[in-house]
Amino acid sequence: MIREVTMENVRLDDAFLSPYYRLVSGAILPYQWNALNDLVEGADKSGCIENIRIAAGLSEGKFHGLLFQDSDAAKWLEAVAYCLQNGGALEWEARADEVIELIAKAQQPDGYFNTYFQLTAPERRLTNLYEAHELYCLGHFIEAAVAYERATGKRALLDIVRRYVDLIDGLYGPDEGKRKGCPGHQEIELALVKLYEATGERRYLELAKFFLDIRGTEPNTFAEEYKALDGFSEWSKRKVPMPADYSYNQAHKPVREQTEAVGHAVRAVYMYTGMAEVGRLTQDESLVKACRVLFEDICRQLYITGGIGSTNHGEAFTFAYDLPNEINYSETCASIGLMYFAHSLLKIEARTAYADVTERVLYNTVLAGLGTDGESYLYVNPMEVWPEASEKNPARAHVKARRQKWHHCACCPPNAARLLASMGKYLYTAETDTVYIHLYAQSDMTAELSYGTFGLSVRTEYPLDGEVAVTVKTDAETPVTLAFRVPGWCKGAKFALNGEAIKPVMKDGYAYITRQFAAGDTVGIRFDMLPSLVYAHTNVRADAGKVCVQRGPLVYCLEERDNGTNLHALLIDGETDFTETADTIGGMRCVRLTARGYREEDAGSGMYAFTPKRRTEQELTFVPYHLWGNREPGEMLVWVRKG
């Protein structure tokens, strides 16, 4: 079975990714702590930590925030745990312990913990899984607890969540007399798998499987809840009509029968991750098959930056090839969830398509989701920005011209923090006598193979440069296979072993080299990283006649600062050569690209004319999409018309 090479066995020291590691521990953790405690001037109020204090009886007041406000604290704790595993943020361990102690004091005698219901409506707890997010919040605390115990050896939070899970396990399940229900917002499914792997308790895996198995079956558990509550909505605090169907929550049919990614994008990819993990561990091929089909459908609804969920109506998927640029949504959390899903699939089978999506998401949307100062965030990741339209057109109000200090619904900032702090675990997987290299970053790793410990050292400046050197650190006692991903964007890759050119065996986009490696053996790889024009599928109507600039895995964009206003009036010469220049934006290294292009101007006056527009030559400057908006507000454009 393919397994993850965990963070403890990976030391990341990369010129491109490590600054984001350091940003989390140095700037993001303290800033987000202040935000969770309402200490950031001008930011939306959180109330998150104060809610816990009130529930613990240490403060007075009313609950503030959304139903799932507790989850922000959970994700922050998880980010702290990963930073501690990386050897950083040591000063935050004591503060994290204080939060965990607060949670312990707030937890009810039977294990229940949810500040919204404890402070607002204790009589309605666990009656409305469709809306209430109780299991979603529990899932995030499970993930935090597993990570924190692994980082510190402290079990306090793990004991807290296990008591809560025991309560849920005693209430819900397939056995006669137990409740039949599943979460309206998926998350606990993937978290229970982590709890199973951390404790060895099979019942946690079985509970995750139950939540998947019951979903979308008849009688629909959400419909049954609706009837029991007489239509009362926890969101609106009044009676509401019964939903026409439950596709928004991916509960419109059993999960194994689902073939299209529909509904709320974050819920969907969290559920698909749980399906992949449960399918892998229980060897349920029906779940795995459904995951493969759903992944392929997501790829037909995927922005070139790795964004998913094209509409702001429900933060949801729509249908294949519907990828509008001026009003897209692409929530940061949705892309993070997609990265989890793709990574889970890589633990089932090594396919470049999965790792390509992981890379596309990480290097573009996830990194774009936060400013280089660590104190500003995107909820929506736009494909183009026209500040005046964002301000004056209600249909485009969700598209922000600058990152925000915080959000009323603040799920994305701590989600990004926990992912960036745990990047090391996405680089490698291993099984028996094979090590898979999925993402290229300067790092050292060890993996336990059938004969013992095997080590590698990777030296590279990828994705700024296409040269990679992978050196074996330990003698192999038996033949070992190294499987190197050849990115789907790469037009040419060359391999050498100890300086001699070789042709590896290719399978599903991976280059396989098998031999009894000796310490010091080096595999050199050169990826063609020339800038390219990318053309969207003909069915993507929004991109007809347009191209995108990409260099390696990095998508590029135009910004007003470099190119002037009215970016829509610019065209790129389809035969242009690109000039590459080393640069920094917001302290982050990058490669700036310039190309030959044109600007269209009106030939006459008036709103409409019979005279063709004039074209004047203009040099176009492209910067990496993940760094847009880090200098000054202005227009931004990814897809550019081709002249």
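Rules behind the numbers
- Residues numbered from 1 in each chain as written.
- Predicted model: local features only at pLDDT ≥ 70, side-chain atom pairs only at ≥ 80, totals over all residues.
- Heavy atoms only, no water.
- Helix = DSSP H or I, 4+ residues; strand = E, 2+ residues; numbered from the N terminus.
- Rg over C-alpha atoms; globule rule 2.2 N^0.38 Å.
- Buried < 20%, exposed > 50% of the residue type's maximum accessible area, 1.4 Å probe, protein only.
- Contact = heavy atoms within 4.5 Å.
- Areas by Shrake-Rupley, 256 points an atom, 1.4 Å probe, with all protein chains shown as cover.
- Lys, Arg positive; Asp, Glu negative; His and termini not counted.
- Charge placed at Lys NZ, Arg CZ, Asp CG, Glu CD.
- Phe/Tyr/Trp six-rings, centres within 6.5 Å; stacked < 30°, edge-to-face > 60°.
- Lys NZ or Arg CZ within 6 Å of the ring centre and 35° of its normal.
- Core = buried A, V, L, I, M, F, W, Y, C linked by side-chain atoms within 4.5 Å.
- Expected span 1.5 Å × (residues − 1).
- Pairing = 2+ DSSP bridges.
- Axes fitted to C-alpha atoms, helices over the stretch in contact; angles between N-to-C directions.
- Polar contact = N/O pair within 3.5 Å; in protein donor to acceptor, adjacent residues only side chain to side chain.
- Parallel < 35°, antiparallel > 145°, perpendicular 65-115°, else oblique.
- Left-handed = near helix turned anticlockwise from the far one by under 90°.
- Salt bridge = Lys/Arg side-chain N within 4 Å of Asp/Glu carboxyl O.
- Disulfide = S-S within 2.5 Å.

> Where do I start with the overall build of the protein chain in this structure?
Secondary structure summary: the protein chain contains 18 helices and 23 strands in total. The C-alpha radius of gyration computed for the protein chain amounts to 25 Å, which stays within 12% of the reference 26 Å derived for 643 residues, consistent with globular compactness. Seen through its C-alpha atoms, the protein chain measures out along the principal axes to roughly 75 × 70 × 50 Å. Expressed as a percentage of the 643 residues in the protein chain, the buried residues total 60%. Put simply, of all contacts in the protein chain between residues at least 6 apart along the chain, 70% involve residues at least 24 apart. Total accessible area on the protein chain is roughly 24,500 Å²; 48% of this is exposed by carbon and sulfur atoms. A distance of 2 Å separates the average location of the 69 positive side-chain charges in the protein chain from that of its 88 negative side-chain charges.

> For this particular structure, what's the right way to read the packing of aromatic side chains?
Aromatic ring pairs are defined here through the distance separating the ring centres and the angle between the ring planes. Summed over all chains, the structure comprises 33 aromatic pairs. Geometrically, the ring pair formed by tyrosine 130 and tyrosine 246 is edge-to-face, given 5.5 Å between the ring centres and 90° between the ring planes. Here the residue tyrosine 130 occupies a position in helix H6 (residues 129–132), and tyrosine 246 occupies one in the loop between helix H11 (221–228) and helix H12 (265–282), the gap between them amounting to 116 residues. Residue tyrosine 246 is classed as buried on the basis of its relative accessible area, which comes to 7%. Taken together, the aromatic side chains of Phe16, Tyr363, Tyr440, Tyr462, Trp489 and Phe527 make up a single cluster linked through ring pairs. In this structure, arginine 515 is placed above the aromatic ring of phenylalanine 517, and the distance from its NZ or CZ to the ring centre is 5.7 Å. Across from the ring centre of tyrosine 598, 5.9 Å away, lies the NZ or CZ of arginine 615, which sits over that ring.

> Looking at this model, I keep getting lost on the nonpolar core. Mind explaining?
Residues Phe454 and Phe484 are the most contacted members of the largest nonpolar core, which totals 232 residues. Sequence-distant contacts of phenylalanine 454, that is, excluding residues within four places in its chain, are made with Val435, Met445, Thr446, Ala447, Leu449, Val472, Thr474, Ala476, Val480, Leu482 and Phe517.

> I'm lost on helix H3 (residues 70–85) in this one. Help?
Because the α-helix completes a turn every 3.6 residues, residues three or four places apart line up on one side. The end-to-end C-alpha separation of H3 is 23 Å, in line with the 22 Å expected for 16 residues at 1.5 Å each. A positive phi of about 90° marks glycine 87, the residue just after H3.

> Sorry, what's going on with the sheet that holds strand E10 (residues 493–497) here?
Where strands meet in a sheet, backbone hydrogen bonds hold them as pairs that are either parallel or antiparallel. Pairing within the open sheet is antiparallel, and its 7 strands lie in the order E2-E6-E7-E8-E14-E10-E11. Two strands in the sheet have a free side with no partner beyond their single neighbour: strand E2 (10–12) and strand E11 (500–502). On average, each strand axis in the sheet is inclined to that of its neighbour by 20°, with strand direction left out of account. Note: E2 against strand E6 (residues 443–448), 3 bridges, orientation antiparallel. Note that in E6 the partner of arginine 11 across the bridge is aspartate 444.

> I keep staring at unusual backbone geometry and nothing clicks. Help me out?
Where the residue is not glycine, phi is negative for most of them; where a peptide bond is considered, it is trans in most cases. The omega torsion of the bond from glutamate 218 to proline 219 falls at 0°, within 30 degrees of zero and hence cis. Its location among the elements puts proline 219 in the loop between helix H10 (202–214) and H11. Of note, the phi angle at aspartate 38 is positive, near 60°, even though the residue is not glycine. Considering the arrangement of structural elements, one finds aspartate 38 in the loop between helix H1 (18–36) and helix H2 (48–55).

> Teacher, can you tell me more about the pairing of strand E8 (residues 467–472) here?
Regular strands have side chains that alternate between both faces of the sheet. Of the two faces of E8, the one lined by Val468, Val470 and Val472 is fully buried and the one lined by Glu467, Ala469 and Thr471 carries no buried residue. Hairpin geometry of strand E7 (residues 453–460) and E8 is characterised by an intervening segment of 6 residues between the two adjacent antiparallel strands. Alignment of E8 against strand E14 (residues 522–527), held across 5 bridges, turns out to be antiparallel. Each bridged residue has a counterpart across the sheet, and for valine 470 the counterpart in E14 is valine 523.

> Help me understand the side chain of aspartate 297 in this model?
Tracing the sequence through the fold places aspartate 297 in helix H13 (residues 285–299). Within polar-contact distance, the side chain of aspartate 297 engages the backbone nitrogen of alanine 261 at 2.8 Å. Each residue touching aspartate 297, except ones within four places of it in the same chain, is listed here: Thr259, Glu260 and Ala261.

> How should the environment of leucine 497 be read in this particular structure?
Mapped onto the elements, leucine 497 comes out in strand E10. Sequence separation of leucine 497 and phenylalanine 610 is 113 residues, and the distance between their C-alpha atoms is 64 Å.

> Can you walk me through the sheet that holds strand E9 (residues 480–485) in this structure?
Read across the sheet, 6 strands follow the order E1-E4-E5-E9-E13-E12 without closing on themselves; strand pairing throughout is mixed. Both edges of this open sheet fall to strand E1 (3–4) and strand E12 (505–507), since each of them pairs with a single strand only. With 3 bridges connecting them, E12 and strand E13 (residues 510–515) associate as antiparallel partners. Within the sheet, the bridge partner assigned to lysine 507 lies in E13 and is tyrosine 510. Those strands touched by helix H15 (residues 352–368) are E9 and E13, and its axis lies near 55° from that of E9.

> Just to check I follow, could you spell out the packing of H1 against helix H17 (residues 412–421) for this structure?
Axes are the key here: two packed helices are described by the angle between their axes and the distance separating the axes. Where H1 meets H17, the axes come as close as 10 Å, and the angle between the chain directions of the two elements is 150°. As far as their axial angle goes, H17 and H1 are roughly antiparallel. H17 is crossed by H1, and the crossing has left-handed handedness. Between H1 and H17, the contacting residues are Tyr21, Val24, Ile28 and Gln32 on the first element and Pro413, Pro414, Ala417, Leu420 and Ala421 on the second.

> It is not clear to me how the pattern of salt bridges should be interpreted in this structure. Could you clarify?
Once their charged atoms are close, side chains differing in charge can pair, the charge on each being opposite to the other. Counted according to the given criterion, the structure contains 50 salt bridges. The salt bridge involving arginine 561 is made with glutamate 632; its shortest N-O contact spans 3.5 Å. Taken together, the residues arginine 561 in helix H18 (residues 560–563) and glutamate 632 in the loop between strand E21 (614–624) and strand E22 (636–637) connect sequence positions 71 residues apart. Relative accessible area serves as the criterion here: at 48%, arginine 561 is assigned to the partly exposed category. Sharing partners across several salt bridges, the network here consists of Glu4, Glu197, Glu277, Arg280 and Lys347.

> In this structure, what is going on with the state of the cysteines? I would like to understand it.
In a disulfide, the sulfur atoms of two cysteines are covalently bonded to one another. Counting across every chain of the model gives 0 disulfides. Left without a disulfide partner, cysteine 411 is nearest to the cysteine sulfur of cysteine 333, which lies 3.7 Å away.

> Mind showing me how you'd approach helix H7 (residues 134–152) here?
Relative to the 27 Å expected for 19 residues at 1.5 Å per residue, H7 spans 27 Å between its end C-alpha atoms, a close match to the ideal helical length. Of the residues flanking the end of H7, it is glycine 153, one or two places downstream, whose phi is positive at about 80°.

> Help me understand the side chain of serine 390, please; the structure alone is not making it clear to me.
Following the sequence through the fold, serine 390 ends up in helix H16 (residues 387–392). One polar contact links the side chain of serine 390 to the main-chain carbonyl oxygen of valine 399, over a distance of 2.6 Å.

> It is not clear to me how the pairing of E21 should be interpreted in this structure. Could you clarify?
Where strand E17 (residues 554–559) lies against E21, 3 bridges are found, and the strand directions are antiparallel. The residue of E21 that forms the bridge with leucine 558 is phenylalanine 622.

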